[in-house]
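Geometric and topological summary
Below, each chain spelled out in residue letters.
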Amino acid sequence: MLSVKNLSVAFGRGTNKTTVVNDLTFQIAKGEALGLSGESGCGKTITSLAILQLLNKETSAVNGEVLFANNSSTINLISASEKTLQNIRGKDIAMIFQEPKSAFNPVIACGKQIAEVMMKHEKLSYKDAFEKTLTLFEKVHLSNAKELFYRYPHELSGGQLQRMAIAMAISCNPQLLIADEPTTALDVTTQKVILKLLKNIQQEYQMAMLLISHDLKVIEHMTDRVLVMQKGRIAEENNTNEIFKNPVSEYTKSLIANQPSNLNLKIKKHQTEQQETLLPVIKANNLTKRYPFHKSVWTWKKEYFEAVKNVSFELLPGETLGIAGESGSGKSTLARLILQLIPSDNGEMFFNKDLIHFYHHKKNYFWRKKIQIVFQHPHHALDPLMQVGKSIEEPLIAFEKYNDGERKAKVEEWLAKVGLTPQHYHRYPHELSTGQKQRVCIARALIIQPDVVVFDEAVSALDVSVQAQILQLIAQLKEKTPFSSIFISHNLEVLRLVCDRLLIMRNGEIIEQGATEKILDKPISAYTQQLIDSIL
Amino acid sequence: MNTSLTKKLAIYLLSGVAVILASFFIAVQMPGDALDNLLLRQEKVSVSSYDYEIKKIEMAHRMGIDKPLFYFRMSSLAETGYEIYFATETKKDNYSKLLRKYGNSKEVYLFARNCQYTDEVLSGLNKKYNSSAIEKFSGYLQFIQKNSASTNMDSVWTMTENDHSLTEFRPLTNMLKHSWEKLAEQPHSYRAYIPAISFSADNRFNDWFFGGPLSHGLIHLDLGTSFFTGEKITSLLKNKIAWSLGFSLTAILLAFSIGIPLAAWIVSKKNKTLDKFIRIFAATGYAMPVYLAGVILLFLFSNPDILNIFPSSGVKPIGMNDNVSIAGKLWASVPYLILPLICYTFSLLAFAVSTAGELLQNQMSLPYIVTARAKGLDEKTIVYKHALKNVLPPLISLLANIFPAIIGGSVIIETLFSIPGMGNEIVRACLSRNFPLLSAIILISGFATIVMYALVDIAVYRLDPRIKPSAA
C-alpha cells in the first residue's frame, strides 16, 4: 500500500549538508504493523515526517519516492501538491506523536481539535462532528466523554491525551497510522494500556501501522515486521519473531544484548549476615516535604500538597538501594531531600549518625562532600558556557586545597577513569554526545570520592547501548573505589540489574521495601504487582 | 475568580493608592513660599509691614494650610497633640527647641499661643496709636518668640519689668511671664525621647481628598485650582484629556487591527520577499524617532512647495462656526487629524507587525502546529485558528508595557502639531513649575496606565484557559 523507494533526507546546504536518512526502501502492506527501531539520531522520526511531507521545505531536501496506493490511484507523496497532501494527511494517513501534552493546541478545547479533523475531511457539521467525537472517545475507553470534550490539554493526564490523540487519528478511518514513539513519554503502567488499545484498534480497523520506537520491547510486542535503522540506513529487516531469535547484523545483535534484561553486571553486593550489623551510612526518619497552595482567593488558610510523606529508610555501606515509582510519586523530591538540597518539612536525615539539614550553617555543609548526585538530563546539568574540565574541577575547588597543577592532573585522571581522554578537558558540553556528557557528570560527582552517590534517573534518557556502557562504568568505578549508591528509576529491569534492595514509591509514600529479588518475584502489594505486570 | 488574577488586581489597587499619595505630595509642594506670593498679590501689603505675619497666619488658616499634612505623623511624645502654625522659620525652630527642652507640650503650646495673641493685640493697637512704646514692646516680643529656648528668660522678664516705658503693657507681660513660669516649672524633657504617633482626622490630605476649603476634593473629581491663573484644573484639563486619549486609543486600535492580521497573512503566505520587505518597514518604523517622522510628514504633505494637502497645525479650522452639529465639527477636523494620527500610529504599527510576526514564527515550529498539519489542515486555518490564539495573550500583555511610552511620545507629537492635549500641558506645567497642575497630570496618566494594565490582565485571563482554574 505504501512503498518507499530510495528515500533520502538531507539538512543544510553546500558543505554544511548532512544526510540524515540515506537511500531508504521499504513497503507496508495493507493491515500490516511495521516497526521502525534504532537509537536516537538514526533518522526514525525524520522518515515518518518525510512520508507525510511535514518537514520544513526550506531547510531540508527530500529525494526519492513515497508511493501511496489510494483506493483507485497511486500518488507519489513527494511530488504531490500541497492541496493533495492536505487531503491525504489526517484522512488516509494519520499520525500520533510522542509528546501528547505538546501535540495539542493549549488554548483550544481538546474535543474541538478532534472534531476539526472530521469537519475538514468528511465535511460534517459541528454538531455531527461533536456526536462522532463522543463515540470515538468511548472507543478509546475515555469515560465521561461529554465533559472531556470541553477540557483543555493542561487539565488532562498524559494517558488521557494520548487516548485522545488515538481517537483523532482514527476519526477518518485512515489506511495507515504512523505512531511516532506513542508511549515513550508515558508512565510504564499507562504504556501497557495504551499499547493494548493501539493494537486492538489497529486490528479492528484493519489499518496498516508504522510504529516507531527506540524500545525493542514495544516493537516486539506490537509489530509483525521490523526495520532496524542505523545512521539513516537500514541495518536489518525481517519478521519480528525472526529478528529477535536470530539477529543477523552486528548492530541488531548489540541492541538486543544491551537490553537491561540481557545485561550482566558485577555491581551487586552479596549480603551476608555480618554486613547486616553494620551501621547505616544514611538514615532517613519520617521525611516529609509539602508544597503549599491556596485553594481559593478568599481564604488565608493554605492547603498542602505532600510530595513525600513520612519516608523512612536506611542505606548500608557499599549497598545499592533502588527507588522505583511512576512519575509524580515523589522520587526526585526524595533524592533532593536525601542531599538536603531542599529543606524537609518534617523528619530527620542522618549521615553517619550526624543530623544534616538544609538550614545548617554554610560552614557545616560537611555532607555536601560526602553525598553527591547525578541527574537525569546531562545537558541540563552542565553549564553550557563552561569547559567540561572546569565543570569537573569545581567540587575540588570547593572542598580540597589543591594547587592548579594538581587539580588539573586530578581532573585528567578522572577523565580517563570515566572513559574519556584528557583532550576532553577543553571541550564544551555541546561538543559531546549525551553518553559522554553523562560520563562527565559522573566524574564530577565522584572526583571528591563521596561515600554516597544518588543516581536520579541517571540512565533513563540514554540509548540502550549507552545505557549499558554507563551501567558498566558505574560497576567498574564501584569495584575500584567502593561507595554506596541510591538508584532512582522508573525502569524495574534496570533496578533489578543494579540494586540490592528496593523501595517502591507511590504518591509520596513507600508502599513496599525489601531485597530486590524478593520484591520483584513475590510482591506483596497490588501496586507493585501492577508495576511488574507492566513490564513488556 | 483566579488567585493570581486577584493578586494582580490587588497590586494595581495598591499602586493606585500610591499614585494618589504621590500626586498629593506633589500638589502640596509649592515653588518658593506660595503664601507669600498670594499675599503680595491679593493684600497689597509690603513684606516688611508690621502685621504681615498675622495676615499670613490668618490666610494659612483660611486655606487650611496650618493643618497637619496627613492622618498620621511619627514624632516624639513632646511634640504630639497640639498643632500651631508659624509664619517664619525662626519661630518654628524656637518652638521645637522649647518642646525638646521642656517636653510639656501643653504648656509650650499655651505659651506660644499667648505670644501670638499678644502679637495680634499689639498689631490692633498699632493701627490706632502707633507709639514708640508699642514698637519697643513688640521688639521684646519678637525676641522672646525667636530666642526663648536659648536665652535666660529671667533676665528678659526683669528687663521688661524695669523698663518704665512698658508699664501700660504690664498685664500682657504678666500673662506671658505667668505662662512661661508654668512652662519652666515642671520640665518633662524625657518626653522628647519617647516616640509617638499623632493622629489627626482633620488634615490637608483629608481636605484634598474629601473636600476642604480649597477644593471639593478628589472624590468629587475636583483637582483644585491652578496657582497662577486661579482656574479650576478639572475644567482646564477636560478637553485636553479627550484629545490625548482619543489619539492614543485610536492609534493603538489601528495599529493592532492592521498589524496582527498583516503579520498572520505574511506568516501563512510563507513569502520570503514580502517578509523581508515588511521586516525592513518595521525596523525603520521602530527606529525612526517620532519627531523626525512628524517633520518629514509636515515637510511632504503640508508644504506649499511640494504637496499642500493637510493643514500644518491645530485641530480645527480657525473661526469655525459653533452652531455646526457634532458630525459637522468632526468632519471639518478630519484633515487636521490625519498627520498626527499617522505619526502616533506608525511606530506602534511597526511594533505590532514585527512582534506579532516573530511570536507567530516561533509558534510555527511547535509540535502542535506539526500535529495540525498532520491533520490535513491548510496553512491559513493553522495560522489564523491555531497559532494566533496562542499569540494573542503575550501580544496584549506587551500592549500594556508600551502604553506609558505612548503618553511620553504624545508630548512631542502634540507640540509639533499644536494639538491642545495633555502632552502640551505637561510641558507647560513643568516649565512654570505649576505643581498642582503637574500633580493632576501625574494622577490622570498614572491612573490611565493602571487601568490599562488591569484591563490587559483581565483580557489575558479571558483568552488563556491555562490561567483559569481547571474545571475539575
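Residues numbered from 1 in each chain as written. Chains lettered and ligands numbered in written order. Predicted model: local features only at pLDDT ≥ 70, side-chain atom pairs only at ≥ 80, totals over all residues. Heavy atoms only, no water.

**Section: the overall build of chain A**
- Helix and strand content of chain A: 22 helices and 20 strands.
- At 26 Å, chain A has a C-alpha radius of gyration in line with the 24 Å of a compact globule built from 536 residues.
- Viewed in the frame of its principal axes, chain A has a C-alpha envelope of about 75 × 60 × 45 Å.
- Burial status across chain A gives 54% buried among its 536 residues.
- Excluding contacts between residues fewer than 6 apart, the proportion of contacts in chain A whose partners are at least 24 apart in sequence is 68%.
- Counting only carbon and sulfur atoms, one obtains 48% of the accessible surface of chain A, whose full area is about 24,200 Å².
- Distance from the positive charge centre (63 side chains) to the negative charge centre (57 side chains) of chain A: 3 Å. (Helix = DSSP H or I, 4+ residues; strand = E, 2+ residues; numbered from the N terminus. Rg over C-alpha atoms; globule rule 2.2 N^0.38 Å. Buried < 20%, exposed > 50% of the residue type's maximum accessible area, 1.4 Å probe, protein only. Contact = heavy atoms within 4.5 Å. Areas by Shrake-Rupley, 256 points an atom, 1.4 Å probe, with all protein chains shown as cover. Lys, Arg positive; Asp, Glu negative; His and termini not counted. Charge placed at Lys NZ, Arg CZ, Asp CG, Glu CD.)

**Considering the pairing of strand β11 (residues 282-293) of chain A**
All names here are of chain A.
- In the sheet, β11 pairs with strand β12 (residues 303-315) via nine bridges, with the strands oriented antiparallel. Its bridge partner being in β12, Ala-284 is matched across the sheet by Phe-313.
- Bridge analysis of β11 against strand β14 (residues 346-351) gives five bridges, and the strand direction is antiparallel. If you follow Ile-282 over to β14, its bridge partner there is Phe-351. (Pairing = 2+ DSSP bridges.)

**Some points on the layout of surface pockets**
Residues and elements named next belong to chain A.
- Taken as a whole, the largest pocket holds about 1,300 Å³ of empty space.
- Taken together, 49 residues line the largest pocket, and the ones lying closest to its centre are Thr-184, Leu-186, His-214, Ser-460 and His-490.
- Of all the secondary structure elements, the ones that give two or more residues to the lining of the largest pocket are α1 (44-51), α8 (188-205), α9 (216-222), α13 (331-338), α19 (464-480) and α20 (492-498).
- Here the residues of the lining of the largest pocket are counted per class, giving 14 nonpolar, 24 polar and 11 charged.
- Shared between two domains, the lining of the largest pocket takes at least three residues from each, and those domains are domain 1 (2-257) and domain 2 (318-345 + 362-533). (1 Å grid on protein atoms, 1.4 Å probe; cavity = no way out; pocket = protein on both sides within 12 Å on 5 of 7 lines; lining within 4 Å. Points joined across faces, edges and corners; volume = space filled by probe spheres on them. Nonpolar A, V, L, I, M, F, W, Y, C, P; charged D, E, K, R; others polar. Domains from an automatic or database assignment.)

**Some details on the pattern of salt bridges**
All names here are of chain B.
- One pass over the full model with this rule turns up 36 salt bridges over all chains.
- Taking the shortest distance from any N to any O, the salt bridge between Glu-53 and Lys-91 comes out at 2.5 Å. Of this pair, Glu-53 sits in helix α3 (residues 52-63) while Lys-91 is found in helix α4 (residues 89-102), placing the two residues 38 residues apart along the sequence. In terms of burial, Glu-53 and Lys-91 fall into one category: buried. (Salt bridge = Lys/Arg side-chain N within 4 Å of Asp/Glu carboxyl O.)

**Quick look at the side chain of Glu-236 of chain A**
Residues and elements named next belong to chain A.
- Residue placement: Glu-236 occurs in strand β10 (residues 233-239).
- Of the side chains with opposite charge, Lys-253 lies nearest to the buried Glu-236, which makes no salt bridge, at 8.2 Å.
- A polar side-chain atom of Glu-236 sits 3.1 Å from the main-chain amide nitrogen of Ser-249.
- At a separation of 2.6 Å, a polar atom in the side chain of Glu-236 contacts the side chain of Thr-252.
- Contact partners of Glu-236, with chain neighbours within four places excluded, come to Val-226, Leu-227, Val-228, Ile-243, Asn-246, Pro-247, Val-248, Ser-249 and Thr-252. (Polar contact = N/O pair within 3.5 Å; in protein donor to acceptor, adjacent residues only side chain to side chain.)

**Considerations on the packing of aromatic side chains**
- Taken as a whole and judged by the stated rule, the model has 28 aromatic pairs over all chains.
- Between the aromatic rings of Phe-247 of chain B and Tyr-344 of chain B, the centroid separation amounts to 5.3 Å while the plane-to-plane angle is 15°, which identifies the pairing as stacked. Of this pair, Phe-247 of chain B sits in helix α10 (residues 233-269) while Tyr-344 of chain B is found in helix α13 (residues 326-363), placing the two residues 97 residues apart along the sequence. Here Phe-247 of chain B and Tyr-344 of chain B have matching classes, each one buried.
- Clustering of aromatic rings is evident, with ring pairs tying together Phe-24, Phe-25, Phe-70, Tyr-71, Phe-72, Phe-199, Phe-205, Trp-208, Phe-209 and Phe-210 of chain B.
- The cationic tip of Lys-408 of chain A hangs over the ring face of Tyr-425 of chain A; the distance from NZ or CZ to the ring centre is 4.8 Å. (Phe/Tyr/Trp six-rings, centres within 6.5 Å; stacked < 30°, edge-to-face > 60°. Lys NZ or Arg CZ within 6 Å of the ring centre and 35° of its normal.)

**Brief notes about the sheet that holds strand β8 (residues 208-212) of chain A**
Residues and elements named next belong to chain A.
- Pairing within the open sheet is mixed, and its six strands lie in the order β6-β7-β8-β3-β9-β10. A single partner strand is all that each edge strand has here, and the edge strands are β6 (93-96) and β10. Strand-to-strand twist in this sheet, taken as the mean axis angle between neighbours without regard to direction, amounts to 15°.
- In the sheet, strand β3 (residues 33-37) pairs with strand β9 (residues 225-230) via four bridges, with the strands oriented parallel. When the bridges of β9 are listed, Leu-34 appears paired with Arg-225.
- Contacting β6 and β7 (176-180), helix α7 (residues 158-170) crosses the sheet at an angle of about 175° to β6.
- Helix-sheet contacts for helix α11 (residues 250-257) involve β9 and β10, and the interaxial angle to β9 is about 100°. (Axes fitted to C-alpha atoms, helices over the stretch in contact; angles between N-to-C directions.)

**Considering the nonpolar core**
All names here are of chain A.
- Judged by nonpolar contacts, the single largest core of 52 residues is most densely connected at Val-374, Ile-392, Ile-442, Phe-455, Leu-471, Leu-477 and Phe-487.
- The element best represented in this core is α19, accounting for eight residues.
- Dropping the residues within four chain positions of it, Leu-471 is found in contact with Leu-263, Leu-265, Val-459, Phe-487, Val-494, Leu-497 and Val-498.
- Grouped together as the second largest cluster of nonpolar side chains are 51 residues, Cys-110, Ala-129, Ala-165 and Leu-255 included. (Core = buried A, V, L, I, M, F, W, Y, C linked by side-chain atoms within 4.5 Å.)

**Let's talk about the interface of chain A and chain B**
- Taken together, the contact pairs 28 residues of chain A with 28 residues of chain B.
- Both sides of the chain A and chain B interface together cover about 2,500 Å² of buried area, and 61% of this is carbon and sulfur.
- Taken together, the links from chain A to chain B amount to three salt bridges.
- The salt bridge involving Lys-385 of chain B is made with Glu-116 of chain A; its shortest N-O contact spans 3.0 Å.
- Our count for the chain A to chain B interface comes out at 11 residue pairs in polar contact (both at pLDDT 80 or more).
- For the side of chain A that touches chain B, the leading source of residues is helix α4 (residues 110-121) of chain A, giving five residues.
- Within the side of chain A that touches chain B, the residues separate by chemical class into 14 nonpolar, eight polar and six charged. (Buried area = accessible area lost by both parts, 1.4 Å probe.)

**Some thoughts on the domain arrangement of chain B**
- In terms of domain boundaries, chain B breaks down into domain 1 (72-199) and domain 2 (238-471).
- Look at where the C-alpha atoms of domain 1 of chain B and domain 2 of chain B centre, and you get two points 63 Å apart.

**Points about helix α7 (residues 153-162) of chain B**
Residues and elements named next belong to chain B.
- Every buried residue belonging to α7 is among Met-153, Val-156, Trp-157 and Thr-160, and all of these are buried. Down the axis, α7 shows its buried residues gathered within 95° of arc, on one side only. Away from its buried face, by an angle of more than 90 degrees, α7 presents the exposed residues Asp-154 and Asn-162.
- Packed against the buried residues of α7 are α6 (132-147) and α8 (170-185). (Arc of directions from axis to C-beta.)

**A look at the packing of helix α15 (residues 379-416) of chain B against helix α16 (residues 422-431) of chain B**
All names here are of chain B.
- Direction vectors running N to C along α15 and α16 enclose 95°, while the axes themselves pass 7 Å from each other. One element, α15, and the other, α16, form an angle in the roughly perpendicular class. Each of Ser-410, Val-411, Glu-414 and Thr-415 in α15 lies in contact with α16, whose residues at this interface are Met-422, Gly-423, Asn-424, Ile-426 and Val-427.
- Tallied by class, the residues present in the contact of α15 with α16 amount to four nonpolar, four polar and one charged. (Parallel < 35°, antiparallel > 145°, perpendicular 65-115°, else oblique.)

**Here's the deal with the confidence of the model for chain A**
- In this model, chain A carries a mean pLDDT of 89, and residues with pLDDT of at least 70 account for 97%.
- Helix α12 (residues 273-276) of chain A is the least confidently modelled element of chain A, averaging 54 in pLDDT, while strand β17 (residues 452-456) of chain A averages 94, the highest of any element. (pLDDT = per-residue confidence, 0-100.)

**Quick look at the environment of Lys-295 of chain A**
- Among the structural elements, Lys-295 of chain A can be located in the loop between β11 and β12.
- Judged by relative accessible area, Lys-295 of chain A falls into the exposed class, the value being 63%.

**Considerations on the domain arrangement of chain A**
Residue and element names in this part refer to chain A.
- Each assigned domain of chain A is listed here: domain 1 (2-257) and domain 2 (318-345 + 362-533).
- Here domain 1 and domain 2 share one salt bridge between them.
- Lys-217 serves as the salt-bridge partner of Glu-493, at 3.7 Å between the closest nitrogen and oxygen.
- In terms of residue count, α8 provides more of the side of domain 1 that touches domain 2 than any other element does, four residues in total.
- Residues that form the side of domain 1 that touches domain 2 fall into these classes: two nonpolar, three polar and four charged.

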